[in-house]
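Chains, contacts and geometry: an overview
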Amino acid sequence: MTSVLIVDDERLIRAGLAAIVGAEPDLTVVGEAGDGAEARRETARLSPDVVLMDVRMPGTDGLEATRSILAEHPDPPKILVLTTFENDDYVYDALRVGASGFLLKRSRPEDILQAIRLVVQGDMLLFPAAIRALAAPRSTPTRTRWHTDLTDREAEVLRLMSTGLSNAEIAETLFLSLQTIKTHVGNLLAKLGARDRTQAVILAYETGFIRPA
């Protein structure tokens, strides 16, 4: 059972999300919060697996709440930020500090549920095309140490990750075992100092290691 905390300053949106998530047999809504400060308190109290985090809220916004939650917990929840607009700078900043993905508030219920399940699994990049679009205007080719620290295979895995392939799909593409791919992913995340795949791919775009099409 995956536990979910819903954070939004609009009560109706919280109620709608709670109804969608709570109807699933493998998901449960453990709490709600109306702003970022309350989100921090409820995360500490409830230890949810996933936080659906509205990015724009009065007081402590979703960006600051995301940064704080990830810093305050040794085993933090996965955070999915909620936004009205795809090109929201707040969303991009939240992804950079460690949010695992984002959702548009107008997303279909089935897409919301799929996103929650995918970030829990943690082996697939959520909405790679949208992340590429967010990163493209900020891409600045630079020389960084991790470029040379990556092995050729790790670099290849990172490029395939950026296309949205799962570990299993990368393993099939490279004719390697799933465990080998998991090892490569773990090694490249450590070398990049990235919390997860999303952070790694954003860093790869920003530094020009991967060029947005």
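Details of the structure are given in the entry above.
Residues numbered from 1 in each chain as written. Predicted model: local features only at pLDDT ≥ 70, side-chain atom pairs only at ≥ 80, totals over all residues. Heavy atoms only, no water.

The next subject is the pairing of strand E3 (residues 50–54). For E3, the buried fraction is high: five of the five residues fall into the buried class. With burial as the criterion, each face of E3 is covered, one bearing Val50, Leu52 and Asp54 and the other bearing Val51 and Met53. Two strands pair when backbone bridges link them, and strand E1 (residues 2–7) and E3 are joined in this way by four bridges, in the parallel orientation. Pairing of Val7 across the sheet is with Met53, part of E3. Pairing of E3 with strand E4 (residues 78–83) involves five bridges; the strand directions are parallel. From the neighbouring strand, Val50 faces E4, where its bridge partner is Lys78. (Buried < 20%, exposed > 50% of the residue type's maximum accessible area, 1.4 Å probe, protein only. Helix = DSSP H or I, 4+ residues; strand = E, 2+ residues; numbered from the N terminus. Pairing = 2+ DSSP bridges.)

A few words on helix H2 (residues 36–46). Along H2, the positions that sit buried rather than exposed are Gly36, Ala39, Glu42 and Thr43. Take H2 and look down its axis: the buried residues cluster within an arc of 115 degrees, on one side only. Opposite its buried face, H2 presents the exposed residues Arg41, Ala44 and Arg45, each directed more than 90 degrees away. Regarding H2, its N-cap is Asp35, as a side-chain oxygen of that residue lies 3.2 Å from the backbone nitrogen of Ala37 further along. Note on H2: the residue one or two positions beyond its end, Ser47, has a positive phi of about 50 degrees. (Arc of directions from axis to C-beta. Polar contact = N/O pair within 3.5 Å; in protein donor to acceptor, adjacent residues only side chain to side chain.)

Further remarks concern the pattern of salt bridges. For the structure on display, the rule yields 13 salt bridges. A salt bridge links Arg108 to Asp111, with the shortest nitrogen-to-oxygen separation between them at 3.1 Å. Between Glu154 and Lys191 there is a salt bridge; the shortest N-O distance is 2.8 Å. With Glu154 in helix H8 (residues 152–162) and Lys191 in helix H10 (residues 178–192), this residue pair connects regions lying 37 residues apart in the sequence. Via salt bridges that share partners, Asp8, Asp54 and Lys105 belong to a single interconnected network. (Salt bridge = Lys/Arg side-chain N within 4 Å of Asp/Glu carboxyl O.)

What follows deals with the sheet that holds E4. Think of a sheet as strands paired side by side through backbone hydrogen bonds, with each pair either parallel or antiparallel. The five strands are arranged E2-E1-E3-E4-E5 in an open sheet whose pairing can be described as parallel. Strands at the two margins of the open sheet, each flanked by one partner only, are strand E2 (27–33) and strand E5 (101–104). Within this sheet the neighbouring strands show an average axis-to-axis angle of 25 degrees, counted without direction. Here E4 runs beside E5; their pairing, made up of four bridges, is parallel. Bridging from a neighbouring strand, Thr83 pairs with Leu104 of E5. (Axes fitted to C-alpha atoms, helices over the stretch in contact; angles between N-to-C directions.)

Quick look at unusual backbone geometry now. Unusually for a residue other than glycine, Ser47 sits at a positive phi of about 50 degrees. Note on placement: Ser47 falls in the loop between H2 and E3.

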